[in-house]
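# An overview of the molecular structure
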Amino acid sequence: MDKIIINGGKKLKGTVKISGSKNSALPILFATLLTDDKCKITNVPTLADIKTTIDFLNFIGKPSTKKTNVVTTGISSKLASVAPYDLVRKMRASVLVMGPLLARLGKVDVSLPGGCAIGARPIDIHLDAFKQMGANIELKEGYIKMSAPKGLKGCDIELRFASVGATENILLASVLAKGTTRIINAAKEPEIEDLADVLNKMGAKITGAGTKIITVEGVDKLKGFTHSVIPDRIETATYMIAAAITKGDITLLNTNPNHIKVIIDKLIEAGLSVKVFGDTITAKWVKELKPVNIKTEIYPGFPTDVQAQWMALMATVNGNSIIEETVFENRFLHVGELQRFGANLQIEGKTVYVTGVKKFSGAPVMVSDLRAGAALVLAGLFAEGQSKILRIYHLDRGYERLEKKFTKLGANIKRIK
């Protein structure tokens, strides 16, 4: 099993190109199941989850290939209606196959999903929505079996929580449903807007994406499309924090500052110099940073996917700070591993109290989930001595060429196979 070795203490400097958003590319790839036509998606990152999705599409019957950062899907013949455990267990986003297949085939059997162990993340919100649209649902032998023999019908669906995945799945189903669907308390993330843009290119009639209420007028058929995936805002945040934690100077290219305004504001509050020029951000350490509290919230609030990285940074900043997690109930698995570096962290329920320390010592640590892995890499870059990051397959799910990008910035980091 691969591991990453870091000899820390180097100030990072240079430029890094931000990859396309994984969390945007995945639902867009599943959207190709809504048409028999060819589709072309550019700025797609090279990640384990992307490969899993392409394998998934090929299995379902949508011929798909990836060359560098371009995915091309061919003409569909006959789509399969069963998503087996061996594919679904690898990636939680596999549940996004439900919407398009239910809409097109009127039936789908999906194994219960896998993914990072950061909370229950129940899919009952998805299933309740499909029920309201007329689907019959039963759980049998580890599979969610759904059917809509008369087709899906548009209706008002009010989400009890602004779930990104549920909003995406409902969008993917409702574009071919009969009548009008309104998603009330919809997720407002940029990835939702990107998916809606793609669906509208395909001929869908969606308005309100990026707001609390999304309206979808069902259509009979959708066509192929060409689309470039938006930049990855979580990767952007991670490299900005890398500049802060290593006292570095990093220029980030091909990003969208509007998508991470809350991160930029918090880093400036902490004392980092942040300058924005179009799709370029320069993050530069100019003075000792000060502690800043954060509370994770749904977009446009502070993203839960940056909580671990922020904790690694605050653990190195003189003074006390508070980190409150309100999105996932089990997202502090990285605390114990950060403590192995020497971080002073205390958990009380959904809150971590941080007391900054002057230095970390290199240590062997184990990755529990994707964003926790990023936090451990950041800690290793700051630490004195050598650190070994184990179980890095989690990182490969969400960060494209991570060790190569950090090497280009001057880090002493390498992957050992």
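The paragraphs below set out a description of the structure included in this document. (Residues numbered from 1 in each chain as written. Predicted model: local features only at pLDDT ≥ 70, side-chain atom pairs only at ≥ 80, totals over all residues. Heavy atoms only, no water.)

### A look at empty space enclosed by the protein
Taken as a whole and judged by the stated rule, the model has one cavity of 30 Å³ or more. By residue class, the composition of the lining of the largest cavity is five nonpolar, one polar and three charged. (1 Å grid on protein atoms, 1.4 Å probe; cavity = no way out; pocket = protein on both sides within 12 Å on 5 of 7 lines; lining within 4 Å. Points joined across faces, edges and corners; volume = space filled by probe spheres on them. Nonpolar A, V, L, I, M, F, W, Y, C, P; charged D, E, K, R; others polar.)

### A word on helix α12 (residues 370-382)
Given a rise of 1.5 Å per residue, 13 residues ought to cover 18 Å, and the 19 Å separating the end C-alpha atoms of α12 matches this to within 8%. Where burial is concerned, most of α12 is hidden: 13 out of the 13 residues are buried. The backbone nitrogen of R371 has a side-chain oxygen 3.3 Å away, supplied by the residue at the start of α12, namely D369. (Helix = DSSP H or I, 4+ residues; strand = E, 2+ residues; numbered from the N terminus. Expected span 1.5 Å × (residues − 1). Buried < 20%, exposed > 50% of the residue type's maximum accessible area, 1.4 Å probe, protein only. Polar contact = N/O pair within 3.5 Å; in protein donor to acceptor, adjacent residues only side chain to side chain.)

### Structural notes on the pattern of salt bridges
A full pass over the atoms with the stated rule returns 18 salt bridges. The partner of K22 in a salt bridge is D49, with the nearest N and O atoms 3.2 Å apart. With K22 in helix α1 (residues 22-31) and D49 in helix α2 (residues 48-60), the pair connects residues that are 27 residues apart, well separated along the chain. What makes D49 buried here is its relative accessible area of 2%. Residue R182 is joined to D156 by a salt bridge in which the shortest nitrogen-to-oxygen separation is 2.9 Å. Residue R182 is found in strand β11 (residues 180-184), and its partner D156 is found in strand β10 (residues 156-158); the two are separated by 26 residues along the sequence. (Salt bridge = Lys/Arg side-chain N within 4 Å of Asp/Glu carboxyl O.)

### Quick notes on the sheet that holds β11
Taken in spatial order, the four strands of this open sheet run β10-β11-β13-β12, and their pairing is mixed. At either margin of the open sheet sits one strand with a lone partner, and together these are β10 and β12 (205-207). Taking each pair of neighbouring strands and ignoring which way they run, the sheet shows an average axis angle of 15 degrees. Here β11 runs beside strand β13 (residues 213-217); their pairing, made up of five bridges, is antiparallel. Looking across to β13, one finds that T180 is bridged to E217. Each of β10, β11, β12 and β13 is contacted by helix α6 (residues 164-174), which is oriented at about 175 degrees to β11, the strand it contacts most. (Pairing = 2+ DSSP bridges. Axes fitted to C-alpha atoms, helices over the stretch in contact; angles between N-to-C directions. Contact = heavy atoms within 4.5 Å.)

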